Amino acid sequence: MLFGEILNVALGALRANKLRSLLTMLGIVIGVGAVIAMIALGRGAQEQVNERIKALGTTLLTVQPGQQRDRGFASEVDRAPLTMGDAEALEERGRYIAAVQPQMSRNFQIQHTNRNTNVRVLGTTANYLQVRNYKIEYGRMFTAAEDFNKQRVAVVGPAVLENLGIENPVAILDEPIRIRGIQFIVVGVLATKGQAGFGNPDEQVLIPLQTARYRIFGNDRLNEIGVLAPNENAIPLTMADIQKILRREHRLAANRPNNFQIRNQSDFLTNLAETTQVFTLLLAGIAAVSLLVGGIGIMNIMLVSVTERTREIGVRKALGATRWNIMFQFLIEAIVLCLLGGAVGVALGAGAAEFLNRTFSWNTAIAPESVALAFGFSAAVGLLFGVWPARRAARLDPVIALRYE
């Protein structure tokens with residue numbers, strides 16, 4: 001039998017049992033659709049993590065207050081603060097430090113005309129944009145001179161404007177707002193950063209550090225010090241530099257642990273990316289079980305088909321069909337079922353990913369390699385689970401097959 005004839009016979013057998021063929025494909029459709037949707041979710045999460053890494057800057061290190069421990073216990077009384085002196089020491093003596101950005105923050109009530117909102121007020125230096133990788137959308141950032149002179153100027157995040165009911169960001173420029181009843185003039189509006197971690201970086205108000213220190217907070221306790229390494233390769237040297245300087249500033253003996261924490265944002269987000277990837281693979285693996293179940297269903301149906309068509313097989317063999325012809329016919333039927341199911345599954349998975357993106361605002365990204373993988377896997381399932389029924393059909397004795405009722 002020629003290849004074209006074998007293909008026509010196989011497709012004719014599938015058309016003769018349309019409902020059974022559709023139900024047989026269902027397991028493959030669900031399996032491929034689930035795999036595509038899960039991989040799309042995982043890839044979307046991966047891209048979001050990469051965007052966060054770029055947004056934060058891979059060379060950013062953050063220094064936060066730690067706790068002094070005595071016999072394994074820590075108390076709030078023993079909490080070791082970070083001060084302006086620590087930031088100045090890092091800036092003056094750091095050999096592998098590109099920039100230092102101290103900050104103090106607390107939530108305060110912000111008032112504009114008759115509207116008010118409670119947001120984070122962050123006292124920081126003029127190099128905040130450089131260190132934290134922010135941009136100004138409207139207006140300008142306050143200057144180092146305004147910080148030194150304790151000027152009452154502010155830069156607001158876009159979410160603060162939404163909370164205050166301000167639709168046009170330009171309208172807030174050079175307008176007064178009140179923080180703890182003290183009037184500040186808005187000189188700039190930050191570009192949107194997007195949700196990241198547990199806080200919303202768009203929901204904050206920046207004011208000069210010296211202004212915050214003397215007019216708002218009343219102390220020199222820092223919540224955090226941002227440190228910029230010269231490049232990614234210098235990060236270990238920068239961390240060692242920070243540790244050496246702060247241990248000397250805090251007068252820690254050689255046998256005492258650090259009473260501060262140094263965090264590498266890049267490492268944290270890389271770990272998050274790896275965790276996301278593991279969960280993606282886990283979910284895709286669970287979804288792939290559906291493909292396995294669908295393959296078993298195809299094998300079961302093909303075995304039933306072999307039994308039903310035993311007499312037909314005997315006739316074909318009597319007319320000169322070889323074992324390879326018979327086996328190839330049944331393999332084509334199994335593979336066609338899997339490929340058709342895979343095509344429908346890809347469409348279903350892509351639709352599900354788009355639905356999740358539009359309805360729940362979940363980040364999804366369909367990878368071309370995942371589509372190719374789904375097609376390849378579905379073809380492999382058809383080949384794997386179609387071999388046994390095909391071999392069984394090919395090995396039937398034509399005399400016995402012709403006598404079969």
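A.B. asks: Which residues make up the layout of surface pockets, and what values go with them?
C.D. replies: Quantified by volume, the second largest pocket comes out at close to 210 Å³. The wall of the second largest pocket is formed by 13 residues, among which Val35, Ile39, Ala284, Leu373 and Ala374 lie closest to the centre. Every element with two or more residues in the lining of the second largest pocket is listed here: helix H2 (18–56), helix H9 (265–308) and helix H12 (368–394). If one sorts the elements of the lining of the second largest pocket by residue count, H9 sits on top with five residues.

A.B. asks: Give a description of the nonpolar core that names residues and reports values.
C.D. replies: Ranked by size, the top nonpolar core spans 42 residues in total, and within it Leu90, Ile177, Ile179, Val205, Ile207 and Ile225 carry the most contacts. Excluding anything up to four places from it in sequence, Leu90 contacts Ile97, Val100, Ile225, Val227, Ile242, Ile245 and Leu246. Judged by nonpolar contacts, the second largest core, of 31 residues, contains Val35, Phe330, Leu337 and Ala393.

A.B. asks: Outline the packing of aromatic side chains, supporting the account with residue identities and numerical values.
C.D. replies: Applying the stated criterion across every chain yields a total of five aromatic pairs. Between the aromatic rings of Phe108 and Phe217, the centroid separation amounts to 5.7 Å while the plane-to-plane angle is 70°, which identifies the pairing as edge-to-face. Highlighted residues: Phe108 in strand E4 (residues 99–112) and Phe217 in helix H7 (residues 209–217), separated in sequence by 109 residues. Taken individually, Phe108 and Phe217 each receive the classification buried, so the pair is uniform in this respect. A ring pair is formed by Trp324 and Phe328, whose centres lie 4.7 Å apart and whose planes are at 15°; its orientation type is stacked. Of this pair, Trp324 and Phe328 both sit in helix H11 (residues 323–360), four residues apart, which is roughly one turn of the helix.

A.B. asks: I'd like a rundown of the environment of Gln277, residues and numbers included.
C.D. replies: Residue position: Gln277 is located in helix H9. In this structure Gln277 comes out as partly exposed when scored by relative accessible area, which is 43%. Each C-alpha atom, one on Gln277 and one on Gln46, is 7.2 Å from the other, the two residues being 231 residues apart in sequence.

A.B. asks: How would you summarise the packing of H11 against H12 if you had to cite specific residues and measurements?
C.D. replies: The N-to-C vectors of H11 and H12 enclose an angle of 150°; their axes lie 7 Å apart at closest approach. With respect to H12, the axis of H11 lies roughly antiparallel. Note on packing geometry: the crossing formed by H11 with H12 is right-handed.

Parameters at a glance
Per chain, residue numbering runs from 1 following the sequence as it is written. With pLDDT at 70 or above as the cut-off, local features in this predicted model cover only qualifying residues; side-chain atom pairs require 80 or more to be listed or tallied, and sums for whole chains, interfaces and linings still use all residues. Values shown for side chains rest on all heavy atoms present in the structure; no hydrogens or waters enter the calculation. The distinction between a cavity and a pocket rests on a 1 Å grid over the protein atoms alone: a 1.4 Å probe fits inside a cavity but cannot get out, while a pocket stays open yet meets protein on both sides within 12 Å along at least five of seven lines, and a residue with an atom within 4 Å of a point counts as lining. Grid points are joined across faces, edges and corners, and a volume is the space filled by probe spheres set on the points. Helix and strand assignments come from DSSP, with helices taken as H or I runs of at least 4 residues and strands as E runs of at least 2, each series counted from the N terminus. Among the buried residues, those of types Ala, Val, Leu, Ile, Met, Phe, Trp, Tyr and Cys that are joined through side-chain atoms within 4.5 Å form a nonpolar core. The buried label goes to any residue with under 20% of its type's maximum accessible area, the exposed label to any with over 50%, and the partly exposed label to all in between, with areas taken from a 1.4 Å probe on protein chains only. Working rule for contacts: check all heavy atoms of both residues, and any pair within 4.5 Å makes them a contact. Note on aromatic contacts: the rings of Phe and Tyr and the six-membered ring of Trp form a pair at centre separations within 6.5 Å, being stacked when their planes are under 30 degrees apart, edge-to-face when over 60 apart, and tilted otherwise. To get an axis, a line is fitted to the C-alpha atoms, and for a helix only the part in contact is used. The angle between two axes follows their N-to-C directions and goes from 0 to 180 degrees. What sets the label is the angle itself: under 35 degrees gives roughly parallel, over 145 gives roughly antiparallel, 65 to 115 gives roughly perpendicular, and the rest give oblique. Left-handed describes a crossing whose near helix is turned anticlockwise from the far helix by less than a right angle; the clockwise case is right-handed.

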